[in-house]
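Letter by letter, the chains look like this.
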Amino acid sequence: MAFDYDKYIRPGKLPHIWCPGCGHGIVMKGLIRAIDSLQLDTKNTAIVSGIGCASRLPGYMDCCTLHTAHGRAAAFATGVKMAKPEMNVILVGGDGDGTAIGGNHFIHACRRNIDMTYIILNNKIYGMTGGQFSPATPTGAKASTTPYGNPDPPFDIAKLAIGAGATFVARGTAYHATQIDKLIAEAIQHKGFSVVEILDDCPTTYGRRNKFKSVIEMMNHLKETSVPVKAAEKMTAEQLQGKVLTGVLYKEEKPEYTTEYAKVIERAQAK
Ligand SMILES: Cc1ncc(C[n+]2csc(CCOP(=O)(O)OP(=O)(O)O)c2C)c(N)n1
Ligand code: SF4
Ligand SMILES: [Mg+2]
């Protein structure tokens, strides 16, 4: 029997705003399958976003949702988790929202190791506002603000998360759609701050400027440039040139923030 996505979608919120060929819908379906596989109670699951095409995702989902200010999803989500530690808290947003205007909130959420899952939809561009370059735009790529090629080096978002202290970091792609739910489900089950970067596509503002002739070409690019971590172990540095690793990239157990904060309250009340 076909999977029933409709039971997680808010009736009346469709059609969605995404362009034909946009990868964001693929990620949303992965998130829905992850929530379903873990049998999360949607009334006890908060999905929080900032601003951008990616950040419109929670609005379609029949969960407890917050569409907040640009770059501030981590701040609002932290408030939700601190007030209701028993809730499942999932953040969704784009590369621009999470690593440009929201970069500060992102690194500090990683550092605190608060038990939430941040799904970053990295299409390497500010899609919603017409294709300005983001901190994830590759060097040399064309954006509306870099018509002669981007001079900046991009962030490796997964490495940034690991460096800032996230205790579970994974990466997938919109091409490998059937792996997205598994990565997200593992991240949600991890006790601590988990980041799942999904490389996806924006054919409208990135693809057209960067000579991708079709969405299929963009999807094939995601396929050809990604290598699962296990396969990478058997490859030489030369073979890995220009490739990105996918799968679970990092995992460790560390004290979780809301649990530690409860101990602080206990100590204060014992005085
Ligand atoms: C304070 C503020 N600054 C700028 C904007 C304009 N703005 C809206 S979305 C966006 C970028 C979104 O890019 P990204 O997070 O990568 O999402 P995408 O649209 O690519 O999915 C910007 C700059 C805004 N809404 N608020
Ligand atoms: S502009 Fe880009 S990111 Fe936004 S909906 Fe269209 S394809 Fe998706
Ligand atoms: Mg983007």
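Residues numbered from 1 in each chain as written. Chains lettered and ligands numbered in written order. Predicted model: local features only at pLDDT ≥ 70, side-chain atom pairs only at ≥ 80, totals over all residues. Heavy atoms only, no water.

Under an unreviewed UniProt entry, the protein has the name 2-oxoacid:ferredoxin oxidoreductase subunit beta and belongs to Oryzomonas japonica.

Regarding the nonpolar core
The following threshold applies: For our purposes a nonpolar core is just a set of buried Ala, Val, Leu, Ile, Met, Phe, Trp, Tyr and Cys residues, chained together by side-chain atoms within 4.5 Å. Accessible area is worked out with a 1.4 Å probe on protein chains only. A residue is then buried under 20% of its type maximum, exposed over 50%, and partly exposed in between. Put simply, DSSP H or I for four residues or longer makes a helix, DSSP E for two residues or longer makes a strand, and each gets a number counted from the N terminus. By definition in these notes, contact holds between two residues if any of their heavy atoms fall within 4.5 Å.
Of all hydrophobic cores here, the largest spans 32 residues; its most connected members are Leu31, Ile35, Met61 and Ile119. Among the elements of the structure, helix H1 (24-37), helix H2 (57-60), strand E3 (88-94), strand E4 (117-122), strand E5 (168-173), helix H7 (177-189) and strand E6 (194-199) are those that each provide at least two residues to this core. Those residues in contact with Met61, other than ones at most four positions away along the chain, are Tyr8, Arg10, Met28, Leu31, Ile32, Ile35 and Ile47. If you look at the next biggest cluster of nonpolar residues, it comprises 25 residues, including Met87, Ala109, Ile157 and Ala164.

A look at the packing of aromatic side chains
Applied cut-off: Any two of the Phe, Tyr and Trp rings considered here, Trp counted by its six-membered ring, make a pair once their centres fall within 6.5 Å; the pair's planes then place it as stacked at under 30 degrees, edge-to-face at over 60, or tilted in between.
Summed over all chains, the structure comprises five aromatic pairs. Plain terms: the ring middles of Tyr257 and Tyr261 are 6.0 Å apart, the flat faces sit at 25 degrees to each other, and that makes the pair stacked. Taken together, the residues Tyr257 and Tyr261, both in helix H11 (residues 257-270) and four residues apart, mark about one turn of the helix.

Let's talk about the sheet that holds strand E2 (residues 64-67)
Put simply, the rule reads: Between any two strands, at least two bridges found by DSSP are needed for them to pair. All axes here are fitted lines through C-alpha atoms, helices being fitted over the stretch that makes contact, and every angle between N-to-C directions spans 0 to 180 degrees.
One open sheet accounts for eight strands, arranged E2-E1-E3-E4-E6-E5-E8-E7; its pairing is mixed. The open sheet is flanked by E2 and strand E7 (226-228), the only strands paired with a single partner. Along the sheet, successive strands turn relative to each other by an average axial angle of 20 degrees, direction set aside. In terms of strand pairing, E3 meets E4 through five bridges, oriented parallel. Of the residues in E4, the one forming a bridge with Leu91 is Tyr118. Of the strands in this sheet, E3, E4, E5, E6 and strand E8 (244-251) touch H7, which is tilted by about 170 degrees from E5. The sheet contacts of helix H9 (residues 215-225) involve E5, E6, E7 and E8, and relative to E7 the element is tilted by about 45 degrees.

Side note on the coordination of the magnesium ion (ligand 3)
Selection criterion: In this listing, donors mean N, O and S atoms no farther than 2.8 Å from the metal, or 3.2 Å for Na, K and Ca; water is missing from the atoms, so a site can look incomplete.
Within the protein, Asp95 (OD), Asn123 (OD1) and Ile125 (O) serve as the donor atoms for the magnesium ion (ligand 3), at 2.1 to 2.2 Å. Going along the chain, you hit the donors of the magnesium ion (ligand 3) in the pattern D-x27-N-x1-I. Among the residues examined, Ile125 registers a relative accessible area of 2% and is labelled buried.

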